[in-house]
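Report on the structure
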Protein chains: 2
Amino acid sequence: MNQKYPSALLENAVNELSSLPGVGRKTALRLALYILRRDVAYAEGFASALLNLRKEVKYCKVCHNICDDEMCGICADPQRDHSLVCVVENIKEVMAIENTGQFRGVYHVLGGIISPIEGIGPGDLQIASLVDRVAAGDVKEVVMALSTTMEGDTTNFFIYRKLSPYQINVSVIARGVSIGDEIEYADEITLGRSIVNRTSFNDSIKI
Amino acid sequence: MNQKYPSALLENAVNELSSLPGVGRKTALRLALYILRRDVAYAEGFASALLNLRKEVKYCKVCHNICDDEMCGICADPQRDHSLVCVVENIKEVMAIENTGQFRGVYHVLGGIISPIEGIGPGDLQIASLVDRVAAGDVKEVVMALSTTMEGDTTNFFIYRKLSPYQINVSVIARGVSIGDEIEYADEITLGRSIVNRTSFNDSIKI
């Protein structure tokens, strides 16, 4: 349906809002009319927050996480274990792992995952800088925390190969049945993995 | 859960995005990271579209629909029947009715609906200017196209009383739109039919 808008400004705003992922034209219209009902200061705060995010945000020179300075708060924290590096795909995974409060090491954000279908090769990711960090000699263990997809496994393997010349441990996060899930309903691959990679009972109750 | 953000700029953007209706913090983060992946020109276009909408948009001096000039395209159109005025709650209803292609009259946007619970009284709506339009003498019929809720019925009745001194027809759109449904979401055929088959206000309150 070719919707007619009473105002070119409204149409423009709806076009922009509906360019966001998961926002259709009807939702975009609702959001635009909501902004119209609020005062000008709200619209200014909203617009400048988004623009500042895009223009001012920096990426940590060590781990490539987003931050407001040269180095992110995690890499700058002397309390963290800088010999333990967790490799993740994106910023969201850093936030998810930080929220668990279980990880005291540092991160390395790849900025994506090897995906030939989407045309993303190893050169598009922050893999060289990970190798440089390891080559510098302070890293003792690299924990791979990528998605368990074909792309994730490919990336895991690629990085494992790249790091093999160095005397460090490369581990992957444990895969198994989620806490609170019924074993009966777990998929076979996950359940199989969780049996093969079973841990000592004493270790499992430490958390 | 009190999520920690690696960047104050990101947190600020997430705060603003999650202030939109129907957008939670997780969706807001997804949208913020999407904007971060796009180029600066996109962020600038996005921000300025929203800011311009709020700052530059005008309201038609006749019908209070939003527009880019003094008068909206519908009120300025000599082909439209200016003796037939359709009273709606908001801009979205104008767009919905225009999309049916069944209405050749003009509109009057109240800017809301009488709702004691939300503290909206007749004085907060564009009712006085509707009475002025009718008093000016060119209007022959007023079609009430408000939502079929208690608030809509109250507003209908209030306006009907205000217009009763004048020699005009006051009609309501046919109740082909099911009771309790919002006009915005009615399908075009039902909504179009309900405008063609509008009934006299007196008849409609007999039910």
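Chain A goes by Recombination protein RecR in an unreviewed UniProt entry, where it is assigned to Macellibacteroides fermentans. The record in UniProt for chain A states the following under Function (unreviewed entry): "May play a role in DNA repair. It seems to be involved in an RecBC-independent recombinational process of DNA repair. It may act with RecF and RecO."

To continue, consider helix α6 (residues 150–163) of chain B. Residues spaced three or four apart along an α-helix face the same direction, because each turn holds 3.6 residues. Residues and elements named next belong to chain B. Over its 14 residues, α6 runs 20 Å from end to end, which matches the ideal 20 Å to within 8%, given 1.5 Å per residue. Every buried residue of α6 is accounted for by Gly152, Thr155, Asn156, Ile159 and Leu163. Buried residues of α6 fall within an arc of 105 degrees about the axis and therefore sit on the same side. Those residues of α6 that are exposed and angled more than 90 degrees off the buried face are Met150 and Arg161.

A few words now on the sheet that holds strand β6 (residues 169–172) of chain A. Residue and element names in this part refer to chain A. Spatially, β4-β3-β5-β6 is the arrangement adopted by the four strands of the open sheet, whose pairing is parallel. Each of the sheet's edge strands pairs with one partner strand only, and the pair in question is β4 (105–109) and β6. Looking at each pair of strands side by side, their axes are set apart by 25 degrees on average, direction ignored. Both strand β3 (residues 81–88) and β4 contribute to a ladder of five bridges, which runs parallel.

The next subject is the UniProt feature "zinc finger region: C4-type" (unreviewed entry) in chain A. Mapped onto the present numbering, the UniProt feature "zinc finger region: C4-type" (unreviewed entry) falls on residues 60–75 of chain A. Taken end to end, residues 60–75 of chain A is 0% helix and 12% strand, and its two terminal C-alpha atoms sit 8 Å from one another.

Scoring rules and cut-offs
- Residues numbered from 1 in each chain as written.
- Chains lettered and ligands numbered in written order.
- Predicted model: local features only at pLDDT ≥ 70, side-chain atom pairs only at ≥ 80, totals over all residues.
- Heavy atoms only, no water.
- UniProt positions renumbered as here; feature names shortened; annotations may be inferred.
- Helix = DSSP H or I, 4+ residues; strand = E, 2+ residues; numbered from the N terminus.
- Expected span 1.5 Å × (residues − 1).
- Buried < 20%, exposed > 50% of the residue type's maximum accessible area, 1.4 Å probe, protein only.
- Arc of directions from axis to C-beta.
- Pairing = 2+ DSSP bridges.
- Axes fitted to C-alpha atoms, helices over the stretch in contact; angles between N-to-C directions.

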